[in-house]
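Chain by chain, the residues run as shown.
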Amino acid sequence: MSLPKFTYLAPASLEEACGLLDQYQGKIRTKAGGTDLMVRLAQRALKPEYVMGIRNIPELEGISFDPDKGLRIGAMALLSEVADNPVVLERYPMLSRAAKATATVQIRNMGTVMGNICNASPSADNSPTLVAMNASIVAVSSAGERQIPIDEFFLGPGRNALEATEIAKEILVPVPLSRSGVSYQKISPRSKVDIAAVNVGAMVVVDEQGTCQQARICLGAVGPIPLRATSAEEFLLGKVITDEVAEKAGALAGSDASPISDVRASKEYRRLMVIILTKRALLEARHGTGI
Amino acid sequence: MKQTISLQVNGDTYQLAVNPWRTLNEVLREDLKLTGTKLGCGTGDCGACTVLVDGKSVSSCLTLAIEVQGKEITTIEGMAPNAEELHPIQESFIQKGAIQCGFCTPGMIMSTAYLLNNNHNPTEQEIRAGLSGNLCRCTGYNKIVDAIQDAAEKLREDK
Ligand SMILES: Cc1cc2nc3c(=O)[nH]c(=O)nc-3n(C[C@H](O)[C@H](O)[C@H](O)COP(=O)(O)OP(=O)(O)OC[C@H]3O[C@@H](n4cnc5c(N)ncnc54)[C@H](O)[C@@H]3O)c2cc1C
Ligand code: FES
Ligand code: FES
């Protein structure tokens, strides 16, 4: 399968990249690892005149942690780099789990976490945990920089909140609060490699008595975007997350979901899996609070 | 619209004029005639096109040739140390009967090389996870796992 013709651009700085996006608005496509983009080009689902490779831009590199600001995942950080990064493993182990659950070894050596988010697939592996952990995306254009909360980032399948003239620079994930716990759960038709039939990310924060002070639950592949399970979240507030409470929250998450049937699973199966995975995620997250 | 690029493949440097939309897989197979690297799906799913770029396994069907200039590319043709000998991984695949039609084999061997470079003593589960991006229609995988265990052992002894 050969690719359609395009002109390739490789800016060496963010400033240059933003200039190119201004100049070729509507005719240009940003390429990180290309694992989504190249397939869409090969299928002729997209035919940009210009493809802008962003791997020579130093500002987009790296993964770092700051005790005040939290984690920074540069736009060109590979899925495999995030999965194996020592700071991520120590402080954000569920981000590592999600990156590792994405695709194959080869694809993780090419694709980025940012590309996974920007691609805005409702089933993307890295979205639920980033939503649960209240991440934000830093967008840059020649007009300047802005921070987009992840709750406002996904607009629909394949659609994100970036303007045509913007490039996503980095993902910021806050420092985990004390007595907080996170979980990522995924189920897919094949045990490995496959796109999720359903996935769930959850974060809970509890007080010294174990009473839930904050809950963020995100359901993947059961709606047009990664969905917040708001009725389950509200139900949890003020309660100790026992098995029974987690089960009830799971059932509420099941009603928050709006799944469809497709080749990967029927909507009935998806709803059932939302219920079970939410319960599992809440129990693991509670365990992670250490209370 | 062709651009002149320089590619380092298996220790040799090649100067080539390529169009920017050509994949590394196309350039390896069509321009350099290194047809050991296969093209299966063309969409990243099967692993038949796996090569190493700076030591990392990637799908050459989803890689643009112009983006891997200046990087060290290793294909199946670069595995054997010389014309008489095979690489220990290749020997193990033959000895353990891990090859039937052979179409998946170059990709399997490149993925094995990546796995064993990063993990000298993988468990069966780690082998299966490490090779999960490579599909085989013939062997049922068990003999491939045997071959990889055998190769891992030989490579540990060589050290
Ligand atoms: C075989 C195979 C298996 C896969 N399995 C999974 C899976 O199990 N789970 C899963 O979630 N995904 C899977 N994917 C999808 C894909 O690999 C991931 O979404 C990957 O993280 C995309 O990252 P990338 O860097 O390759 O993105 P690219 O393809 O480079 O980009 C994706 C999109 O985001 C835009 N974009 C990328 N970076 C930026 C930026 N910095 N600023 C603005 N826009 C940007 C691009 O324009 C494009 O529209 C799979 C893909 C393949 C080929
Ligand atoms: S041909 Fe590249 S992964 Fe199948
Ligand atoms: S030996 Fe035939 S595909 Fe693997």
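Residues numbered from 1 in each chain as written. Chains lettered and ligands numbered in written order. Predicted model: local features only at pLDDT ≥ 70, side-chain atom pairs only at ≥ 80, totals over all residues. Heavy atoms only, no water.

Thoughts on the overall build of chain B
Our working rule: We count a stretch as a helix when DSSP gives it H or I for four or more residues in a row; a strand needs E for two or more, and each element gets its number in order from the N terminus. With a 1.4 Å probe rolled over the protein chains alone, any residue whose accessible area is under 20% of its type maximum counts as buried; one over 50% counts as exposed, and the rest are partly exposed. Method for areas: the Shrake-Rupley scheme with a 1.4 Å probe, in which residue coverage is limited to the protein chains shown. A positive count includes Lys and Arg, and a negative count includes Asp and Glu. His and the chain ends are not counted in either. To locate a charge, take atom NZ for lysine, CZ for arginine, CG for aspartate or CD for glutamate.
When you go through chain B residue by residue, the secondary structure sums to 5 helices and 5 strands. When its helices and strands are written in sequence order, chain B yields β-β-α-β-β-β-α-α-α-α. Seen along its three principal axes, the alpha-carbon backbone of chain B occupies a region of about 50 × 30 × 25 Å. Per-residue burial for chain B yields a buried fraction of 52% across its 159 residues. When the accessible surface of chain B is totalled, it reaches about 7,300 Å², and 45% of it is carbon and sulfur. In chain B, 14 positive and 19 negative side-chain charges are present, and the distance between their average locations comes to 5 Å.

Quick word on the interface of chain B and chain A
Definition in use: The criterion used for residue contact is that any of the two residues' heavy atoms lie within 4.5 Å. The term salt bridge refers to a pairing of a side-chain nitrogen on Lys or Arg with a carboxyl oxygen on Asp or Glu at a separation within 4 Å. We call two N or O atoms a polar contact when they sit within 3.5 Å, provided that within protein one can donate a hydrogen and the other can accept it, with sequence-adjacent residues counted only if both atoms are side-chain atoms. For this classification, the nonpolar set comprises Ala, Val, Leu, Ile, Met, Phe, Trp, Tyr, Cys and Pro, the charged set comprises Asp, Glu, Lys and Arg, and every other residue, Gly included, is treated as polar.
Chain B puts 30 residues into the contact, and the matching count from chain A is 25 residues. Run the count over chain B and chain A and you get 3 salt bridges. Notably, a salt bridge pairs E67 of chain B with K31 of chain A, separated by 2.4 Å at the nearest N-O pair. The interface formed by chain B and chain A contains 8 residue pairs in polar contact (both at pLDDT 80 or more). When residues of the side of chain B that touches chain A are traced back to their parent elements, those giving at least two are β4 (56-59), α3 (105-118) and α4 (124-130) of chain B. For the side of chain B that touches chain A, the leading source of residues is β4 of chain B, giving 4 residues. Of the residues in the side of chain B that touches chain A, the class split is 13 nonpolar, 14 polar and 3 charged.

A short note on the domain arrangement of chain A
Residue and element names in this part refer to chain A. The criterion, for reference: An automatic or database domain assignment is the source of the domain bounds shown. By buried area we mean the combined loss of accessible area, with a 1.4 Å probe, across both parts when two parts are placed together.
Segmenting chain A into domains produces domain 1 (7-53), domain 2 (58-173) and domain 3 (180-288). Computed over C-alpha atoms, the centres of domain 2 and domain 3 are 21 Å apart. Taken together, both faces of the contact between domain 2 and domain 3 bury some 1,800 Å²; the carbon and sulfur share is 62%. There are 4 salt bridges connecting domain 2 and domain 3. Close ionic contact of D125 with K186 constitutes a salt bridge, the shortest N to O distance being 3.0 Å. Summed over the shared surface of domain 2 and domain 3, the number is 12 residue pairs in polar contact (both at pLDDT 80 or more).

Some points on the side chain of D207 of chain A
Residues and elements named next belong to chain A. Tracing the chain through its elements places D207 in the loop between β12 (198-206) and β13 (212-220). Of the side chains bearing the opposite charge, R179 lies closest to the buried D207, which forms no salt bridge; the N-O distance is 6.1 Å. A distance of 2.9 Å separates the side chain of D207 from the backbone nitrogen of T211, its partner in a polar contact. A distance of 3.3 Å separates polar atoms of two side chains, one belonging to D207 and the other to Q213. Discounting residues that sit within four places of it in the chain, D207 has contacts with R179, Q213 and I291.

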